[in-house]
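# Observations on chain architecture
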Amino acid sequence: MKIISAPDYVSMSRKAANLLSAQVILKPDCVLGLATGGTPVGVYRQLIDWYEKGDLDFSKVHTINLDEYIGLPVQHPQSYRSFMNENLFKHINVPIENTHVPNGTAHNMEAECIRYEKLVESLGGVDMQLLGIGNTGHIGFNEPNDCFDTMTHIVTLKEVTIKANARFFDSEADVPQQAITMGIQTIMKAKKIVLVANGENKADILEKALFGPIRPQIPASILQLHSDVTVFADEAALKVIR
Ligand code: F6R
(Lines give C-alpha, C1' and ligand atoms only; values in the text may rest on other atoms or scores of the structure.)
Protein backbone atom coordinates (compact mmCIF):
# COMPACT_ATOMS: atom_id res chain seq x y z
CA MET A 1 0.00 0.00 0.00
CA LYS A 2 1.28 3.44 -0.89
CA ILE A 3 0.21 6.46 1.15
CA ILE A 4 0.58 9.84 -0.52
CA SER A 5 0.15 12.92 1.62
CA ALA A 6 -1.01 16.24 0.18
CA PRO A 7 -1.12 19.64 1.84
CA ASP A 8 -4.79 20.22 1.13
CA TYR A 9 -7.94 18.94 -0.59
CA VAL A 10 -7.21 20.44 -4.01
CA SER A 11 -3.72 19.00 -4.10
CA MET A 12 -4.94 15.60 -2.87
CA SER A 13 -7.60 15.57 -5.58
CA ARG A 14 -5.10 16.54 -8.28
CA LYS A 15 -2.66 13.79 -7.28
CA ALA A 16 -5.39 11.15 -7.26
CA ALA A 17 -6.73 12.44 -10.59
CA ASN A 18 -3.22 12.01 -12.00
CA LEU A 19 -3.41 8.28 -11.34
CA LEU A 20 -6.88 7.93 -12.88
CA SER A 21 -5.77 10.00 -15.82
CA ALA A 22 -2.70 7.79 -16.37
CA GLN A 23 -5.03 4.76 -16.31
CA VAL A 24 -7.19 6.27 -19.07
CA ILE A 25 -4.16 7.26 -21.16
CA LEU A 26 -2.48 3.85 -20.83
CA LYS A 27 -5.68 1.87 -21.42
CA PRO A 28 -8.25 4.02 -23.28
CA ASP A 29 -10.92 1.28 -23.01
CA CYS A 30 -10.41 0.74 -19.29
CA VAL A 31 -13.11 0.15 -16.68
CA LEU A 32 -13.12 2.78 -13.96
CA GLY A 33 -14.91 1.99 -10.70
CA LEU A 34 -16.32 5.24 -9.34
CA ALA A 35 -17.57 6.58 -6.01
CA THR A 36 -19.93 9.36 -4.97
CA GLY A 37 -19.90 11.47 -1.79
CA GLY A 38 -18.10 14.72 -1.14
CA THR A 39 -14.50 13.50 -1.31
CA PRO A 40 -14.18 12.50 -5.00
CA VAL A 41 -15.75 15.70 -6.34
CA GLY A 42 -12.32 17.39 -6.52
CA VAL A 43 -10.94 14.44 -8.47
CA TYR A 44 -13.83 14.68 -10.94
CA ARG A 45 -13.32 18.45 -11.32
CA GLN A 46 -9.67 17.87 -12.16
CA LEU A 47 -10.48 15.15 -14.70
CA ILE A 48 -13.05 17.46 -16.33
CA ASP A 49 -10.44 20.22 -16.51
CA TRP A 50 -7.90 17.97 -18.22
CA TYR A 51 -10.61 16.65 -20.57
CA GLU A 52 -11.52 20.24 -21.54
CA LYS A 53 -7.88 20.98 -22.23
CA GLY A 54 -7.78 18.02 -24.61
CA ASP A 55 -5.56 15.82 -22.47
CA LEU A 56 -8.07 13.03 -21.83
CA ASP A 57 -10.42 11.01 -24.01
CA PHE A 58 -13.15 8.98 -22.28
CA SER A 59 -14.88 7.79 -25.47
CA LYS A 60 -13.93 4.14 -24.90
CA VAL A 61 -14.01 4.13 -21.10
CA HIS A 62 -16.62 2.18 -19.15
CA THR A 63 -17.53 3.25 -15.64
CA ILE A 64 -19.18 1.28 -12.89
CA ASN A 65 -20.32 2.90 -9.67
CA LEU A 66 -20.11 1.35 -6.25
CA ASP A 67 -23.58 1.94 -4.93
CA GLU A 68 -27.00 3.56 -5.06
CA TYR A 69 -29.73 4.39 -2.57
CA ILE A 70 -32.74 2.11 -2.66
CA GLY A 71 -36.05 3.80 -3.45
CA LEU A 72 -34.79 7.14 -4.77
CA PRO A 73 -35.99 7.74 -8.34
CA VAL A 74 -33.09 8.12 -10.78
CA GLN A 75 -34.16 11.75 -11.42
CA HIS A 76 -33.91 12.63 -7.72
CA PRO A 77 -31.05 15.13 -7.36
CA GLN A 78 -29.49 13.00 -4.61
CA SER A 79 -29.63 9.69 -6.46
CA TYR A 80 -26.12 8.56 -7.19
CA ARG A 81 -26.99 8.38 -10.90
CA SER A 82 -27.88 12.11 -10.81
CA PHE A 83 -24.75 12.84 -8.80
CA MET A 84 -22.53 11.14 -11.37
CA ASN A 85 -24.28 12.78 -14.31
CA GLU A 86 -23.94 16.22 -12.72
CA ASN A 87 -20.43 15.92 -11.31
CA LEU A 88 -18.73 14.02 -14.12
CA PHE A 89 -20.53 12.30 -16.96
CA LYS A 90 -22.22 15.31 -18.58
CA HIS A 91 -18.91 17.20 -18.66
CA ILE A 92 -16.81 14.56 -20.44
CA ASN A 93 -17.17 12.43 -23.57
CA VAL A 94 -17.92 9.10 -21.92
CA PRO A 95 -20.89 7.55 -23.78
CA ILE A 96 -23.75 7.52 -21.25
CA GLU A 97 -24.52 3.90 -22.15
CA ASN A 98 -21.00 3.01 -20.96
CA THR A 99 -21.78 4.35 -17.48
CA HIS A 100 -23.30 2.02 -14.91
CA VAL A 101 -24.89 2.70 -11.54
CA PRO A 102 -26.93 0.08 -9.65
CA ASN A 103 -30.68 0.45 -10.13
CA GLY A 104 -32.09 1.38 -6.73
CA THR A 105 -35.67 1.21 -7.95
CA ALA A 106 -35.59 -2.27 -9.50
CA HIS A 107 -38.71 -4.37 -8.76
CA ASN A 108 -36.56 -7.25 -7.64
CA MET A 109 -33.54 -5.94 -5.79
CA GLU A 110 -32.06 -9.42 -5.27
CA ALA A 111 -32.08 -9.92 -9.05
CA GLU A 112 -30.53 -6.45 -9.47
CA CYS A 113 -27.64 -7.47 -7.17
CA ILE A 114 -26.96 -10.52 -9.32
CA ARG A 115 -27.27 -8.50 -12.55
CA TYR A 116 -24.80 -5.90 -11.30
CA GLU A 117 -22.27 -8.47 -10.15
CA LYS A 118 -22.43 -10.17 -13.57
CA LEU A 119 -22.09 -6.79 -15.27
CA VAL A 120 -18.78 -6.15 -13.50
CA GLU A 121 -17.60 -9.57 -14.67
CA SER A 122 -18.81 -9.06 -18.24
CA LEU A 123 -16.84 -5.81 -18.47
CA GLY A 124 -13.74 -7.82 -17.63
CA GLY A 125 -13.48 -6.49 -14.07
CA VAL A 126 -12.52 -3.08 -12.78
CA ASP A 127 -9.11 -1.74 -13.81
CA MET A 128 -9.01 1.07 -11.26
CA GLN A 129 -11.47 1.55 -8.41
CA LEU A 130 -11.82 4.96 -6.78
CA LEU A 131 -12.99 4.82 -3.15
CA GLY A 132 -13.85 7.22 -0.35
CA ILE A 133 -14.11 6.10 3.25
CA GLY A 134 -17.09 6.62 5.52
CA ASN A 135 -16.88 7.62 9.18
CA THR A 136 -17.82 4.04 10.06
CA GLY A 137 -14.95 2.72 7.95
CA HIS A 138 -17.32 1.71 5.17
CA ILE A 139 -16.19 1.43 1.56
CA GLY A 140 -19.03 1.49 -0.93
CA PHE A 141 -21.85 1.06 1.56
CA ASN A 142 -20.27 -1.97 3.21
CA GLU A 143 -20.99 -1.05 6.80
CA PRO A 144 -19.24 -2.58 9.84
CA ASN A 145 -20.33 -6.19 10.18
CA ASP A 146 -19.45 -9.52 11.74
CA CYS A 147 -18.07 -10.79 8.47
CA PHE A 148 -16.70 -9.23 5.32
CA ASP A 149 -19.66 -9.09 2.95
CA THR A 150 -18.81 -10.56 -0.38
CA MET A 151 -20.78 -9.72 -3.51
CA THR A 152 -23.16 -6.93 -4.50
CA HIS A 153 -25.91 -6.87 -1.88
CA ILE A 154 -28.49 -4.78 -0.06
CA VAL A 155 -27.50 -2.97 3.13
CA THR A 156 -29.29 -1.08 5.86
CA LEU A 157 -27.32 2.07 6.50
CA LYS A 158 -25.93 2.78 9.97
CA GLU A 159 -27.37 5.75 11.86
CA VAL A 160 -23.99 7.54 11.68
CA THR A 161 -23.91 7.15 7.89
CA ILE A 162 -27.46 8.49 7.57
CA LYS A 163 -26.46 11.48 9.73
CA ALA A 164 -23.30 12.07 7.65
CA ASN A 165 -25.24 11.95 4.38
CA ALA A 166 -28.11 14.13 5.66
CA ARG A 167 -26.04 17.16 4.54
CA PHE A 168 -27.03 16.38 0.96
CA PHE A 169 -30.79 16.18 1.75
CA ASP A 170 -33.38 18.61 3.14
CA SER A 171 -33.53 16.61 6.36
CA GLU A 172 -32.19 13.43 7.94
CA ALA A 173 -35.62 11.83 7.52
CA ASP A 174 -35.25 12.13 3.74
CA VAL A 175 -32.09 9.98 3.62
CA PRO A 176 -32.99 6.49 2.38
CA GLN A 177 -32.31 3.80 4.96
CA GLN A 178 -31.17 1.16 2.51
CA ALA A 179 -28.74 0.96 -0.36
CA ILE A 180 -27.40 -1.50 -2.91
CA THR A 181 -23.63 -1.77 -2.90
CA MET A 182 -20.83 -3.71 -4.51
CA GLY A 183 -19.53 -6.12 -1.91
CA ILE A 184 -16.11 -6.23 -0.32
CA GLN A 185 -15.09 -9.06 -2.60
CA THR A 186 -16.32 -7.17 -5.67
CA ILE A 187 -14.17 -4.21 -4.62
CA MET A 188 -11.17 -6.37 -3.76
CA LYS A 189 -11.23 -7.89 -7.27
CA ALA A 190 -10.40 -4.48 -8.79
CA LYS A 191 -6.90 -4.58 -10.28
CA LYS A 192 -5.92 -1.25 -8.70
CA ILE A 193 -7.55 0.75 -5.92
CA VAL A 194 -7.26 4.48 -5.23
CA LEU A 195 -8.64 5.71 -1.91
CA VAL A 196 -9.13 9.39 -1.18
CA ALA A 197 -9.71 10.86 2.28
CA ASN A 198 -9.57 14.40 3.55
CA GLY A 199 -10.32 16.36 6.70
CA GLU A 200 -9.70 15.87 10.38
CA ASN A 201 -12.94 13.94 10.84
CA LYS A 202 -11.50 11.09 8.74
CA ALA A 203 -8.18 10.91 10.66
CA ASP A 204 -9.18 8.33 13.29
CA ILE A 205 -10.96 5.97 10.94
CA LEU A 206 -8.20 6.26 8.34
CA GLU A 207 -5.58 5.27 10.90
CA LYS A 208 -7.66 2.27 11.99
CA ALA A 209 -8.27 1.21 8.39
CA LEU A 210 -4.65 1.51 7.26
CA PHE A 211 -2.77 0.38 10.35
CA GLY A 212 -5.23 -1.37 12.65
CA PRO A 213 -6.19 -5.03 12.73
CA ILE A 214 -7.98 -6.32 9.63
CA ARG A 215 -11.54 -6.93 10.81
CA PRO A 216 -15.05 -6.58 9.38
CA GLN A 217 -15.94 -4.02 12.06
CA ILE A 218 -13.62 -1.68 10.08
CA PRO A 219 -14.55 -2.73 6.52
CA ALA A 220 -11.83 -0.61 4.85
CA SER A 221 -9.15 -2.49 6.81
CA ILE A 222 -9.49 -5.31 4.22
CA LEU A 223 -7.64 -3.03 1.78
CA GLN A 224 -4.41 -3.89 3.62
CA LEU A 225 -4.67 -7.27 1.87
CA HIS A 226 -4.96 -5.82 -1.65
CA SER A 227 -1.76 -5.82 -3.70
CA ASP A 228 -2.20 -2.42 -5.39
CA VAL A 229 -3.76 0.29 -3.22
CA THR A 230 -2.76 3.95 -3.29
CA VAL A 231 -4.17 6.21 -0.59
CA PHE A 232 -4.25 9.95 -1.20
CA ALA A 233 -4.99 11.96 1.92
CA ASP A 234 -4.59 15.52 3.01
CA GLU A 235 -2.53 16.40 6.08
CA ALA A 236 -5.61 16.76 8.27
CA ALA A 237 -6.70 13.19 7.55
CA LEU A 238 -3.16 11.91 8.11
CA LYS A 239 -2.73 13.88 11.34
CA VAL A 240 -2.82 10.85 13.63
CA ILE A 241 -0.37 9.00 11.41
CA ARG A 242 2.27 11.74 11.20
C1 F6R B 1 -20.17 6.54 -2.09
C2 F6R B 1 -19.44 5.61 -1.25
C3 F6R B 1 -19.15 5.91 0.18
C4 F6R B 1 -18.40 7.23 0.38
C5 F6R B 1 -18.19 7.49 1.86
C6 F6R B 1 -17.46 8.79 2.12
O7 F6R B 1 -20.30 6.02 -3.39
O8 F6R B 1 -19.11 4.60 -1.73
O9 F6R B 1 -18.38 4.86 0.71
O10 F6R B 1 -17.17 7.16 -0.27
O11 F6R B 1 -19.44 7.53 2.51
O12 F6R B 1 -18.28 9.84 1.73
P13 F6R B 1 -17.73 11.34 1.72
O14 F6R B 1 -16.75 11.42 0.63
O15 F6R B 1 -18.95 12.18 1.46
O16 F6R B 1 -17.13 11.58 3.07
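All chains use their own residue numbering, which begins from 1 and follows the written sequence. Reporting of local features is limited, given that this is a predicted model, to residues whose pLDDT is at least 70; pairs of side-chain atoms are given and counted only at 80 or more, and all residues count toward the totals for whole chains, interfaces and linings. With hydrogens and water excluded, all non-hydrogen atoms of the structure serve as input to the side-chain values.

### Some remarks on the packing of helix α1 (residues 9–26) against helix α2 (residues 41–52)
As a packed pair, α1 and α2 sit with axes 8 Å apart at the nearest point and diverge in direction by 60°. Overall, the two elements α1 and α2 adopt an arrangement that is oblique. Considering the relative orientation of α1 and α2, their crossing is right-handed. Between α1 and α2, the residues in contact are Y9, S13, R14, A16, A17, N18, L20 and S21 and V41, G42, V43, Q46, L47 and W50, respectively. Only Asp, Glu, Lys and Arg are considered charged in this grouping, and only Ala, Val, Leu, Ile, Met, Phe, Trp, Tyr, Cys and Pro are considered nonpolar; every other residue, Gly among them, is considered polar. The residue inventory of the contact of α1 with α2, partitioned by class, reads eight nonpolar, five polar and one charged. Note on geometry: axes are C-alpha line fits, over the in-contact stretch for helices, and angles between N-to-C directions span 0 to 180 degrees. Comment: elements are numbered from the N terminus, with helices defined as DSSP H or I runs of at least four residues and strands as E runs of at least two. Orientation categories follow fixed angle ranges, with anything under 35 degrees roughly parallel, anything over 145 roughly antiparallel, 65 to 115 roughly perpendicular, and all other angles oblique. Crossing handedness is read from the near helix: turned anticlockwise from the far helix by less than a right angle, it gives a left-handed crossing, and turned clockwise, a right-handed one. The criterion used for residue contact is that any of the two residues' heavy atoms lie within 4.5 Å.

### Describing the site of the ligand
Any residue with at least one heavy atom within 4 Å of a molecule or strand is counted as near it. In the vicinity of the ligand, 14 residues are found, and the nearest of them are T39, D67, H138, G140 and K202. Any N or O atom pair separated by 3.5 Å or less is treated as a polar contact, with the protein-specific requirement of one donor-capable and one acceptor-capable atom, and with residues adjacent in sequence counted only for side-chain atom pairs. Separating an oxygen atom of the ligand from a side-chain N or O atom of T36 is a distance of 2.8 Å. Measuring from an oxygen atom of the ligand, one finds a side-chain N or O atom of K202 at 2.6 Å. Working definition of accessibility: Shrake-Rupley area with a 1.4 Å probe, residue cover restricted to the visible protein chains. Taking 410 Å² as the accessible area of the ligand by itself, protein coverage stands at 94%. Only protein atoms enter the 1 Å grid used here. Points where a 1.4 Å probe fits but cannot escape make up a cavity, open sets with protein on both sides within 12 Å along at least five of seven lines make up a pocket, and a residue lines them when an atom lies within 4 Å of a point. By definition, a pocket or cavity contains a molecule when more than half of the molecule's atoms lie within 2 Å of the pocket's grid points. Because more than half of its atoms lie within 2 Å of the grid, the ligand is assigned to the largest pocket.

### Observations concerning the environment of A111
In this structure, A111 sits in helix α4 (residues 109–122). In this structure, the C-alpha to C-alpha distance between A111 and H153, residues 42 residues apart in sequence, is 9.9 Å.

### Details of the side chain of E143
Looking at the element boundaries, E143 is found in the loop between β6 (128–131) and β7 (153–156). The charged side chain of E143 is buried without a salt bridge, its nearest counter-charge being K158 at 6.6 Å. Residue exposure (1.4 Å probe, protein chains only): buried if accessible area is under 20% of the type maximum, exposed if over 50%, otherwise partly exposed. Two residue types count as positive, namely Lys and Arg, and two as negative, namely Asp and Glu; His and chain ends fall outside the count. Definition used for salt bridges: Asp or Glu carboxyl oxygen within 4 Å of a side-chain nitrogen of Lys or Arg.

### Structural notes on the layout of surface pockets
Its volume calculated, the largest pocket comes out at about 490 Å³. Together, 30 residues line the largest pocket, and T36, G37, G38, H138 and N165 are the ones closest to its centre. Within the residue set of the lining of the largest pocket, elements represented by two or more residues are β4 (67–69), α3 (80–87) and α5 (159–165). By residue number, the principal contributor to the lining of the largest pocket is α5, which donates four residues. In terms of residue class, the lining of the largest pocket is built from 13 nonpolar, 14 polar and three charged. Grid points are joined across faces, edges and corners, and a volume is the space filled by probe spheres set on the points.

### Describing the sheet that holds β7
For two strands to be treated as a pair, DSSP must find at least two bridges joining them. Pairing in this open sheet of three strands is antiparallel, and the strands run β4-β8-β7 from one edge to the other. Since the sheet does not close on itself, it has two edges, and those belong to β4 and β7, each with one partner. Between one strand and the next, the sheet's axes are offset by a mean angle of 25°, whatever the strand orientation. Note: β7 against strand β8 (residues 178–181), four bridges, orientation antiparallel. Looking at β8, one finds that T156 is bridged to Q178. On the sheet, α4 packs against β7 and β8 and is oriented at approximately 125° with respect to β7.

### Digging into the packing of aromatic side chains
Paired rings are identified among Phe, Tyr and Trp, the last through its six-membered ring, by centres lying within 6.5 Å, and are further divided according to the angle between planes into stacked (under 30 degrees), edge-to-face (over 60) and tilted (the rest). What the rule picks out here adds up to five aromatic pairs. Geometrically, the ring pair formed by Y69 and F141 is tilted, given 5.9 Å between the ring centres and 40° between the ring planes. With Y69 in strand β4 and F141 in the loop between β6 and β7, this pair connects stretches of sequence that are 72 residues apart.

### Regarding the sheet that holds strand β9 (residues 192–197)
Spatial ordering of the open sheet is given by β1-β10-β9-β6-β2-β3-β5, a layout of seven strands whose pairing is parallel. Two strands lie at the open edges of the sheet, namely β1 (2–6) and β5 (99–100), each paired on one side alone. Direction of pairing for strand β3 (residues 62–65) relative to β5: parallel, over a ladder of two bridges. Within β5, the position partnered with T63 by the bridge is T99.

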